[in-house]
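One-letter residues, chain by chain:
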Amino acid sequence: MEAAEAGAASVETARTATPVVRLEGVRKSFGENVVLDGIDLTVHAGEALVVIGPSGSGKSTLLRCVNLLEPVDSGRIFFEDQEITSKGVKVAAIRQRIGIVFQQFNLFPHLRAIDNLTLAARRVGKMPRQEAQLRARELLKRVGLADKAESYPHQLSGGQQQRVAIARALMMSPHVLLFDEVTSALDPELVGEVLVVMRDLARDGMTMMVVTHEMQFAREVGDHLVFMDGGKIVEQGDPTEVLDRPKAERTRRFLRRTLQLDRSLEELTIEEGGVE
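Residues numbered from 1 in each chain as written. Predicted model: local features only at pLDDT ≥ 70, side-chain atom pairs only at ≥ 80, totals over all residues. Heavy atoms only, no water.

Considerations on the nonpolar core
Logical step 1: Counting residues in each nonpolar core, the largest one holds 51 residues, and the members touching the most others are Ile52, Ile166, Phe179, Met198 and Leu201.
Logical step 2: Here this core takes 8 residues from helix α7 (residues 188-203), the largest share from any one element.
Logical step 3: If we skip the residues at most four places from it in the chain, Phe179 touches Leu63, Val101, Ile166, Met198, Leu201, Met208, Met209, Val210 and Val211.
Logical step 4: Grouped together as the second largest cluster of nonpolar side chains are 30 residues, Leu63, Cys65, Ile84 and Met228 included. (Core = buried A, V, L, I, M, F, W, Y, C linked by side-chain atoms within 4.5 Å. Buried < 20%, exposed > 50% of the residue type's maximum accessible area, 1.4 Å probe, protein only. Helix = DSSP H or I, 4+ residues; strand = E, 2+ residues; numbered from the N terminus. Contact = heavy atoms within 4.5 Å.)

If you want it as structure tokens, here you go:
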């Protein structure tokens, strides 16, 4: 018990002490469409930051900018006190430390699960084959797929493919993991098995930025919650506080709509801008 408490205390200390990701005034546009409009945000070591908001609010673009898949128009992004939006940054080296898991699994269909894991580690990370395979099997076991190492993607369910994708992201020992709506393409009965893996990663102290519509996950696993709309952070804070007692009217309206299917359809009406 004492060891467990000490471990929890060390994770909590890390969360309050070390900023891993920091955004200052980040702006990003696609043509005339402003997608990120002056975003200031800090993610500490060991923290699970959850981002919610309507479609088109800039959530996915936020993650893609942090991973350097999209260049910012202005503002700065720091990763472990290094500005990664400055000229001359070695993008490939940064991406090895900032892993990302997408909504679509993006597994190579012609490769077995274990080969999907080891490919980048061997070619990019120059990891020896035997070491890569040993690590891959350990990670497949960690996500509950030890018996699927030899399976091809088409032989796996959607939830199993997504867990392989998470294991693949872990192969490079990232310092932070980004999750972009990783359960939204799954059948409802498969969502839980992926969320459990993410929950366990958070409990182990993995620094995470999670874009999701899973409000129960945000409540139970998130350390900090951000609500975005129109490219701006409308509200942020403790997940329970924001979800149960939102201060901004836009946040309250969004949360009402996410719960609308818990009510009878007879209670719903279509108003300008959505269902009320």
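Points about unusual backbone geometry
Logical step 1: Positive phi outside glycine occurs at Leu68, with the angle close to 65°.
Logical step 2: Secondary-structure assignment places Leu68 in the loop between α2 (59-66) and β4 (74-79).
Logical step 3: Even without being a glycine, Glu181 presents a positive backbone phi close to 50°.
Logical step 4: Its location among the elements puts Glu181 in the loop between β7 (176-180) and α7.

Let's talk about the sheet that holds strand β5 (residues 82-83)
Logical step 1: Strand order in the open sheet made by the 4 strands is β2-β1-β4-β5, with antiparallel pairing throughout. Every interior strand has two partners, whereas the edge strands, β2 (33-44) and β5, have only one.
Logical step 2: Note that β4 and β5 share 2 bridges and pair antiparallel. Bridge assignment links Phe79 to a residue of β5, and that residue is Gln82. (Pairing = 2+ DSSP bridges.)

Side note on the sheet that holds β7
Logical step 1: Read across the sheet, 6 strands follow the order β6-β7-β8-β3-β9-β10 without closing on themselves; strand pairing throughout is mixed. What marks the edges here is a single partner per strand, and that holds for β6 (98-101) and β10 (232-237). Pairwise comparison of adjacent strand axes, ignoring direction, gives a mean angle of 20° for this sheet.
Logical step 2: Alignment of β7 against strand β8 (residues 207-211), held across 5 bridges, turns out to be parallel. When the sheet's bridge partners are listed, Val176 is paired in β8 with Thr207.
Logical step 3: Helix-sheet contacts for α7 involve β3 (48-52), β7 and β8, and the interaxial angle to β8 is about 145°. (Axes fitted to C-alpha atoms, helices over the stretch in contact; angles between N-to-C directions.)

Things to note about the pattern of salt bridges
Logical step 1: Taken as a whole and assessed by the stated rule, the structure comprises 19 salt bridges.
Logical step 2: Measuring nitrogen to oxygen at the nearest pair gives 3.2 Å for the salt bridge that ties Glu80 to Arg97. Of the two residues, Glu80 is situated in the loop between β4 and β5 and Arg97 in helix α3 (residues 91-97); the sequence distance between them amounts to 17 residues.
Logical step 3: On the accessibility criterion, Arg97 (25% relative accessible area) is partly exposed.
Logical step 4: Two residues, Glu249 and Arg252, come together in a salt bridge whose shortest N-O distance is 3.1 Å. Here Arg252 and Glu249 lie together in helix α10 (residues 249-258), a separation of 3 residues that amounts to about one turn.
Logical step 5: Look at Glu249 and you get partly exposed, because its relative accessible area is 38%. (Salt bridge = Lys/Arg side-chain N within 4 Å of Asp/Glu carboxyl O.)

A look at the layout of surface pockets
Logical step 1: Volume-wise, the largest pocket comes out at about 630 Å³.
Logical step 2: In terms of lining, the largest pocket is formed by 24 residues, of which the most central are Arg95, Ile100, Ala120, Arg168 and Met172.
Logical step 3: Contributing elements (two or more residues each) for the lining of the largest pocket: α3, β6, α4 (113-123) and α6 (158-170).
Logical step 4: For the lining of the largest pocket, the residue count by class is 15 nonpolar, 6 polar and 3 charged. (1 Å grid on protein atoms, 1.4 Å probe; cavity = no way out; pocket = protein on both sides within 12 Å on 5 of 7 lines; lining within 4 Å. Points joined across faces, edges and corners; volume = space filled by probe spheres on them. Nonpolar A, V, L, I, M, F, W, Y, C, P; charged D, E, K, R; others polar.)

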